[in-house]
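What follows is the residue order along each chain.
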Amino acid sequence: MVKKNFEKANIFIILLILVMSLFVTTIIPPFQSPDEFDHVKRAYALSQGRVQMITPPEMSTGTNIDEGLISFIAIYEKIPFKYENKVSSEDISKVKLLAWSGSEKFSVAPGVNFYLPIIYFPHAIGLSLGQSLDLTVDKSYFLARYFSIATIFLILLVSARIYKINYLAFGLLLLPMTIFQFSSASMDGMATALSILVLSIFMKLSSELNQEKTADGYFYVMITCMAIVVMCRFNLLPLLLLPLYLSYRYKSVKHFLITVVAFLLIVSWLIHGLSTTVDNRVIRDYSTSSLIVKYISSPVELFNVLFNTLTNKEILVFYWESALGILGWLDHRISANAFFVLSVAIIIALIFSIKIEQVKQTFYLRTLLLLVSFSSMFLVFLILLVTWNAYPTETIQGVQGRYFLIPLLIASYAISTNASSSQPIVYGAILVIAITTIISLPSTLLDRYYIAASSLKVTNLDSTDSSEKLCVLDEPQNNSIIKVLNPIRLRGWAMDSNSMDIPENVTIQLVNTETGISLSVPAMRNERPDVAKAFNRESALMSGFLSVPLKPGAIPKGVYKVKIYQQNVMHTIGCQSINTLEFVD
């Protein structure tokens, strides 16, 4: 009876994920998932039968894409990082008229050259079908989204059929960030679904000795899906420990040799990516390979960087919040109440998913899964350290919470036992997560992309009217010329000039005055007793803000305007400085 109810719950939650994703995808404008511009370019190239990307002289790696798609991208490039920019009726009118041109131009997309193109197969089918049916670029784009969501749904269903997905994993799959990624045209959703399939097959093969032919079939599917995922997420290379374990368990030399072949293919693809990718977005004094050698030869330095990163409270809070619900290009977040409810529900689901007696029975299996999970997390930091950070650095920049989703899913299979005595409590916690996502996600997206434009209040930081001067950048001082030799932080204070409230969420935006490119710098609130005293308001104590550390090379040289954004549940308040900051080498 319990098993049957568990099966029904699996199907219900997967259907809920499908419905939520289909609904949310109608709200999210195109290209609002990080790097989605490049993901769609890669999918388009695959739809045209092209696997290899190209690198013209003195340019970053990219591919040729239809001019209609280029125009479609240009309409939505104004939205990321810019709170004041919304989807307008004029934009909607423009995209309705955009057709595929039939002629192509080169467009850079260096970041996706490392990803195995087959991960974009559902997206490519949607784009190709849209072109064949003579649909507009906009409709073809959303067709790609729908094919991706449908594929994710089917993979999750098959996974649950093979081995039931545990409730803790479902809790992670129902988070606002996960649903947002499922609903976008990036490859994150496909990678997550394939990882669930890999874990389901592994759990089935490790928990019961199957007939040899049946085991072979499952093993081939698992190793294929695993190779695809790892070739798109190289931090998941430790997943290969799972087929090695099965090779030992089944005493199969054949399975062992297949695993070795898979490893060689993955390494070959990584070498191919490193040797064929030119990325001019990142200007550093050292190449990736030279940084790998440096940190291998100086493990103490590597340990210090990791220690500084993992003991930094602000960075850890950012990891947690960005895993739950800092959406878009990390430029909009769910409400503080939603963060709190989700955090409590996840902790409850975690606590009541663990049953010591059952863990003891499969101790080695669960230890292996935890080893894979933690080593995959470690590789996230290592990969970002050698590919995205300047040298030397005190902390590792560029890590986002969503990068830990698949390692956490792996850990959920190690921790969760789905014991019948705790199922109602865990199931209840999962429903709370689902309800919170259903309530918070649409309102957050509508506020960010559509309805908040009229409520955006913009004032000057240096207004002579003291009643308007409720956003102040104290450090660095305005008109500063900054040479970043050591980590620096942007400091100041800000509040709502109308209500005198302190919106919890604050982000600093640096806008290059020459190129118009914006850099979003996360910030945290801190205490400002001087401001509270000046305004004679105790509530102004937490009006201060402090950015994450900016490392040497983190801000490209140039002159920048400073914008400070405070976000309430219902609106966003923007403050813009009339002065500038200049970053130099």
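Residues numbered from 1 in each chain as written. Predicted model: local features only at pLDDT ≥ 70, side-chain atom pairs only at ≥ 80, totals over all residues. Heavy atoms only, no water.

Tracing the sequence through the fold places Gln181 in helix α8 (residues 176-182). Classification of Gln181 as buried rests on a relative accessible area of 5%. Not counting residues within four places of it along the chain, the set of residues in contact with Gln181 comprises Ser33, Pro34, Ser186, Asp188, Gly189 and Arg402. A distance of 3.4 Å separates polar atoms of two side chains, one belonging to Gln181 and the other to Ser186. (Helix = DSSP H or I, 4+ residues; strand = E, 2+ residues; numbered from the N terminus. Buried < 20%, exposed > 50% of the residue type's maximum accessible area, 1.4 Å probe, protein only. Contact = heavy atoms within 4.5 Å. Polar contact = N/O pair within 3.5 Å; in protein donor to acceptor, adjacent residues only side chain to side chain.)

Between helix α2 (residues 36-47) and helix α3 (residues 67-76), the least distance of the axes is 11 Å, while the angle of their chain directions is 170°. With respect to each other, α2 and α3 are oriented roughly antiparallel. As for the relative orientation of α2 and α3, their crossing is right-handed in sense. Residues Phe37, Val40, Lys41 and Tyr44 of α2 lie in contact with α3, whose contacting residues are Leu69, Ile73 and Tyr76. Of the residues assigned to the contact of α2 with α3, the class counts are six nonpolar, no polar and one charged. (Axes fitted to C-alpha atoms, helices over the stretch in contact; angles between N-to-C directions. Parallel < 35°, antiparallel > 145°, perpendicular 65-115°, else oblique. Left-handed = near helix turned anticlockwise from the far one by under 90°. Nonpolar A, V, L, I, M, F, W, Y, C, P; charged D, E, K, R; others polar.)

What follows covers the confidence of the model for the protein chain. Per-residue confidence for the protein chain averages 86 on the pLDDT scale, and 86% of its residues sit at or above 70. Every residue in residues 452-469 scores below 50 in pLDDT, and together they form 43 contacts with partners more than four places removed in sequence or on other chains. (pLDDT = per-residue confidence, 0-100.)

With that out of the way, let us pick up α2. Compared with the 16 Å implied by 1.5 Å per residue over 12 residues, the 16 Å span of α2 between its first and last C-alpha is a close match. The buried fraction of α2 amounts to 12 of the 12 residues, a majority that puts the element mostly inside the structure. Within α2, burial applies to Glu36, Phe37, Asp38, His39, Val40, Lys41, Arg42, Ala43, Tyr44, Ala45, Leu46 and Ser47. At its buried positions, α2 is contacted by β1 (62-66), α3, β2 (104-108), α5 (121-132), α6 (137-162) and α12 (253-276). Just beyond α2, the residue with positive phi is Gly49, at close to 85°. (Expected span 1.5 Å × (residues − 1).)

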